[in-house]
Structures are given as C-alpha cells and as structure tokens.
Amino acid sequence: MAEKVMVIVPRTAPALFAYLKDKFAEDPTISVIMDRRTGERRRRSDAPTTERRRGDRRQGDRAHAIVMREP
C-alpha cells in the first residue's frame, strides 16, 4: 500500500492551492488542503500569571541518584 501524502498550502497562495488540487485530483494518495491557522500560536503577548511547575525536581530525595566514579 502506498503512503499517503498531505500537502498544506498557505492561505496566501490560493492559486497554488487550486493548481495542486486540480493536479492531484485523481490521486487518492495525495490530499491538498489550505492552511486553516489564522496566526502564530507560539507567541504570547502576556506573561503567564502563575507558575505551573510544582518545584525544582532536582532537589528532594537523592536515594535514586546514580553516582559515576572513574575506575
């Protein structure tokens, strides 16, 4: 079975989307879709209000730590 391919075209290129959609219309292994994202999701203008981490994981019970020594 052939692998499926998804081609995501940016919103700023509707002509390219139309061309690729038409070009690969008969190929069931290729799907062409328009990018639906509206903005950059990784950037945040506001800082987080609370600290979500519970604390420093490096402190606490050290009984499980592995000690490496040179021979």
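What you see is a predicted model; the values in this text were computed from it and never measured.

What follows concerns the overall build of the protein chain. Of regular secondary structure, the protein chain possesses 1 helix and 2 strands. The secondary structure elements of the protein chain, listed N-terminal to C-terminal, are β-α-β. Counting all 71 residues of the protein chain, 7% fall into the buried class. Excluding contacts between residues fewer than 6 apart, the proportion of contacts in the protein chain whose partners are at least 24 apart in sequence is 59%. When the accessible surface of the protein chain is split by element, carbon and sulfur atoms take 51% of a total near 7900 Å².

Pairing between strand β1 (residues 5-9) and strand β2 (residues 30-34): 5 bridges, direction parallel. Residue valine 5 lies in a different strand from β2, and its bridge partner there is isoleucine 30. Read from β1 through helix α1 (residues 14-23) to β2, the crossover connection turns out right-handed.

Another point: a nonpolar patch on the surface. On the surface, Met6, Ile8 and Ile33 cluster together into a nonpolar patch covering about 290 Å² of accessible area. Relative to the helices and strands, isoleucine 8 is located in strand β1.

On to the pattern of salt bridges, then. Any two side chains of opposite charge can pair, given that their charged atoms come close. In total, this model carries 1 salt bridge according to the counting rule given. With a closest N to O distance of 3.1 Å, aspartate 35 and arginine 37 form a salt bridge. Accessibility expressed as a relative area gives 18% for aspartate 35, which makes it buried.

What follows deals with the environment of leucine 20. Here leucine 20 shows up in helix α1. For the pair formed by leucine 20 and isoleucine 33, sequence separation is 13 residues and the distance between their alpha carbons is 9.4 Å.

Looking at the secondary structure, you find threonine 38 in the segment after β2. Along the primary structure threonine 38 and arginine 11 are separated by 27 residues, whereas in three dimensions their C-alpha atoms are 8.9 Å apart.

Basis of the calculations
- Residues numbered from 1 in each chain as written.
- Predicted model: local features only at pLDDT ≥ 70, side-chain atom pairs only at ≥ 80, totals over all residues.
- Heavy atoms only, no water.
- Helix = DSSP H or I, 4+ residues; strand = E, 2+ residues; numbered from the N terminus.
- Buried < 20%, exposed > 50% of the residue type's maximum accessible area, 1.4 Å probe, protein only.
- Contact = heavy atoms within 4.5 Å.
- Areas by Shrake-Rupley, 256 points an atom, 1.4 Å probe, with all protein chains shown as cover.
- Pairing = 2+ DSSP bridges.
- Right-handed = clockwise from strand over helix to strand, strands pointing away.
- Patch = residues over 30% accessible without salt bridge, like charges linked within 9 Å, V, L, I, M, F, W, Y side chains within 5 Å.
- Salt bridge = Lys/Arg side-chain N within 4 Å of Asp/Glu carboxyl O.

Don't take any of this as a statement about function, it's just geometry.
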